[in-house]
Amino acid sequence: MHQFLLYVGFGIVTAAVLSLSAVALTLEFAVSRVANLAHGELLTIGAYAAYEFLQWTNSVALAALGAALVGGIAGIAMNLGLIERFAGRPPIITLIATLGLSLMLQNILIIIFGAANLGYSINQGSPHHIGPFLLTDAEILVTLSALAVASALYLLLQRTKFGKALRAVSDNRELARVSGIPAQHVVTATWGIAGVIAGFAGFVLAETIGTFDPSLGFSYLLITLAAAVAGGLGRPYGTLVGALLVGLVLELAGAYSNSSYQLAFALGVLVLLLLFRPNGLLVSGRTVTRS
Amino acid sequence: MSYWISILTEACIFSIMALGLNVIWGWAGDFDLALYGYVALGVYLTIVMTTGPALSPTQYILGWHLPYVLAVLLAVVIVLPIAAIVGAVALRNLREIYFAITTLGVISVLYVIVQIYTPLFNGFNGIAGLVTPMAGPLHISYSNYAYFLLALCAVVLLIVVVVLQRLSSSPYGRAIRSIRDNEQAAAAFGRSVFRSKLTAYVLGAGLAALGGTLFAAYLGAFNPSAWAPQEILTLYAAVLVGGRGNVRGVVAGTFIVYIGFIELTRYLPNVGGNAEFGPSVRQILIGGLIVVMLKFRPQGIFPDRHGVPRSARRTQGTSGATGGGWRDRLPLLAGRASGGRPEQDVIS
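Analysis parameters
Within each chain, residue numbers correspond to sequence positions counted from 1 in written order. To read the labels, note that chains go from A and ligands from 1, taken in the order they are written. Residues qualify for local features only when their pLDDT is at least 70, as the model is predicted, and side-chain atom pairs are given and counted only at 80 or more; totals for whole chains, interfaces and linings, by contrast, use all residues. Put simply, DSSP marks the helices as runs of H or I at least four residues long and the strands as runs of E at least two long, and each gets a number from the N terminus on. Atoms counted for the radius of gyration: C-alpha only. Globule rule: 2.2 Å times residue count to the power 0.38. With C-beta atoms placed from the backbone, a residue is buried if 20 or more other C-beta atoms are within 10 Å of its own, exposed if 12 or fewer are, and partly exposed between those counts. The contact criterion used here is simple: two residues whose C-beta atoms, placed from the backbone, lie within 7 Å are in contact. Here a helix's expected span is defined as the number of its residues, less one, multiplied by 1.5 Å. Charged residues are taken to be Asp, Glu, Lys and Arg, nonpolar residues to be Ala, Val, Leu, Ile, Met, Phe, Trp, Tyr, Cys and Pro, and polar residues to be all remaining types, Gly included. Note: pLDDT gives the predictor's confidence per residue, expressed from 0 to 100. Paired strands, as defined in this entry, are two strands with at least two bridges between them according to DSSP. Note on geometry: axes are lines fitted to C-alpha atoms, helical ones only across the stretch in contact, with angles between N-to-C directions running from 0 to 180 degrees. For classification, angles of less than 35 degrees are called roughly parallel, those exceeding 145 degrees roughly antiparallel, those between 65 and 115 degrees roughly perpendicular, and all remaining angles oblique. For any pair of crossing helices, the crossing counts as left-handed if the nearer helix is rotated counterclockwise from the farther one by less than a right angle, and right-handed if it is rotated clockwise.

(A) Structural detail: the overall build of chain A. Counting its secondary structure elements, chain A contains 11 helices and two strands. Helices and strands appear in chain A in the N-to-C order α-α-α-α-β-β-α-α-α-α-α-α-α. Computed over the C-alpha atoms, the radius of gyration of chain A is 18 Å, within 12% of the 19 Å expected from 2.2 N^0.38 for a compact globule of 291 residues. Each of the three principal axes of chain A carries a C-alpha extent, and together these read 55 × 45 × 35 Å. Going through the 291 residues of chain A one by one, you find that 54% of them count as buried. A separation of at least 24 residues holds for 74% of the contacts in chain A among residues at least 6 apart in sequence.

(B) Representation of unusual backbone geometry within the structure. Residue and element names in this part refer to chain B. With phi around 60 degrees, Leu62 is a residue other than glycine that occupies positive phi space. With respect to the helices and strands, Leu62 occurs in the loop between α2 (35-50) and α3 (68-93). Note on Leu62: 18 C-beta atoms within 10 Å, which makes it partly exposed. Not every positive phi belongs to a glycine, and Asn122 is a case in point at roughly 65 degrees. Assignment of secondary structure puts Asn122 in the loop between α5 (118-121) and α6 (135-138). For Asn122, a count of 24 C-beta atoms within 10 Å puts it in the buried group.

(C) Seen up close, helix α7 (residues 145-168) of chain B. Residue and element names in this part refer to chain B. Here α7 contains 24 residues, and its C-alpha end-to-end distance of 34 Å stays within 8% of the 34 Å for a straight helix at 1.5 Å per residue. All buried positions along α7 are accounted for by Leu149, Leu150, Cys153, Leu157, Val160, Leu164 and Ser168. Where α7 is buried, its residues meet α1 (2-27), α8 (171-181), α10 (193-219) and α12 (247-266).

(D) Structural view of the interface of chain B and chain A. Listed per partner, the contact involves 39 residues of chain B and 39 residues of chain A. Listing elements by their share of the side of chain B that touches chain A, those giving two or more residues are α3, α4 (96-116), α11 (232-242) and α13 (277-296) of chain B. It is α4 of chain B that contributes the most residues to the side of chain B that touches chain A, 13 residues altogether. In the side of chain B that touches chain A, the residues fall into 23 nonpolar, 12 polar and four charged.

(E) The arrangement of the confidence of the model for chain B in detail. Residue and element names in this part refer to chain B. On average, residues of chain B score 83 in pLDDT, and 85% of them reach the 70 mark or higher. In this model residues 314-348 is a low-confidence stretch, pLDDT under 50, and it forms 58 contacts with partners more than four residues away in sequence or in other chains. Per the prediction output, this complex has pTM 0.85; the corresponding ipTM is 0.85.

(F) The arrangement of the pairing of strand β2 (residues 133-136) of chain A in detail. Residue and element names in this part refer to chain A. Residues Phe133 and Leu135 of β2 are buried on one face, while the alternating residues Leu134 and Thr136, pointing to the opposite face, are not. Inspection of the sheet shows strand β1 (residues 127-130) paired to β2 by four bridges, in the antiparallel sense. Counted as the bridge partner of Pro127 is Thr136 from β2.

(G) Local environment of the packing of helix α9 (residues 216-231) of chain A against helix α10 (residues 236-256) of chain A. Residue and element names in this part refer to chain A. Look at α9 against α10: their axes get within 7 Å of each other, and the N-to-C directions meet at 125 degrees. Taken together, the axis directions place α9 and α10 in an arrangement best described as oblique. The two elements α9 and α10 meet at a crossing, and its hand is right-handed. Where α9 abuts α10, its residues Ile223, Ala226, Ala227, Ala228, Ala230 and Gly231 lie against Gly238, Thr239, Leu240, Val241, Gly242, Ala243, Leu245 and Val246. Each residue belonging to the contact of α9 with α10 can be placed in one class, and the counts come to 10 nonpolar, four polar and no charged.

(H) Just the confidence of the model for chain A, in detail. Looking at chain A, pLDDT values average 88 and 96% of them are 70 or higher. In the model, residues 284-291 of chain A has pLDDT below 50 throughout and makes 15 contacts with residues more than four positions away in sequence or in other chains.

See the structure below:
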């Protein structure tokens, strides 16, 4: 039991990292109705930005900030440069285009930074016992930052005018537009927010794993998709629950089998969810899923 | 000279794989990301069934000494039920992005398992040892082998093209396109959507595996770095350029993309001593080509005109609700013919 709870602790940390990535993906889907397969590259860009900022300033806080900032710019650029240009086309066409973009970005990163593994030299801190869990300073910080992001997002969505506009645009962009909401600006801003979260997630992910290379984000894409689908694509709160579920499944499955097969479990969860709960765990009913 | 022989051989092999993709995506309209996994299984199975038992520390399954032709047949036959299982799960309820996500998951997991579980295909180091198959029994000298392989691949490609063209204008070919264009309407007319789509999926995967078995003869060795999940994008680029659904167009597209890109990036210098530079530029170009084609000419250079009644073809550019690019009777002049920009085709 003790051992089990330890793994639950690690699962929560995994879920925290995952929730950042998945919430960003789901925000992108909410306003643009496209599953962004180049989402992983936002994380990778964030990870490399953090690396550069860390080399430059030697400050972890500034590295995190740099990752978020560059991620936000990349998110806006991705939306304006690609997604918006495919507006009105079938989602599947945009989906293929994002996969092409993903291939381009990965290889641009290879040309700039090389394909070799990089790592941050950040002190992990010593492990502490917190209740039944055993976590390092870094892991605690990661979990707290994910909670902070989730709370900030909640306040943004529920308590601000912008949040209201975002929800309206997500529901029906045309209707929002004719109601006087500057839908275009809302979409752009949402991609900026998603990029900020994704860039930060990339930094946190690379930091938790230890090393990273230009395929960091793409390898993480499937797990992110699993969490986002578990919560229901385009539903930010559901996605948090989905991330917690997938994070726990990953850590527990990894703990009681070979951890290399985590991805296989992620797929298992994903396929089961798609077959039985295609609209997310929190929505009842089994419908044929079309986008 | 031998350089061109090998480029043409590869182009023939990739054409067969691209035709497999064309059946699944061009005809049935399913955005499959797992296809390159069937190619990889074809390559691996051919090698393990022809090169004999594994010598330590190498390990892999089977380790038979079958003749190459028999191994080719068996490899394809083994891949078919695997694809049928994947297709049966993925196609039952899932469409579009959910289908794409599921197939991305399938190939990602296959990729991880092949890398990590070494008893299967020797993990990350891969397997080798298939040297000039069929050369012995047919008494082909080593110096002539490249020509023989090119001829073999070209003949197989020709057979595949002929069969697919017949299939394309058969009732099945028309049915599967009608399902692609409007699933509900096709179902209302009595088409079995699931069965037709599954048939296309298994057929496409079989062609991919067939391409893989020829690829095995060409490469002789294989490891996971040769089939990252993104490799499929080259095939998508080829189908997109050629004209989705059009059999001969897809072959032309593969030759254009494949030879064009190899030639374009062949003389690139290694900037900053970065050995990845050339291949990376090629990948960037392929990604860019996909985006540009989707944006400006989703119907490809040689649009597919099958399955559209003659009367509909004449009403060029009047209403844009159906798919397929049939409006463009003169492909490159289509925009001018209808008096302006070509309408964006709806492909889904």
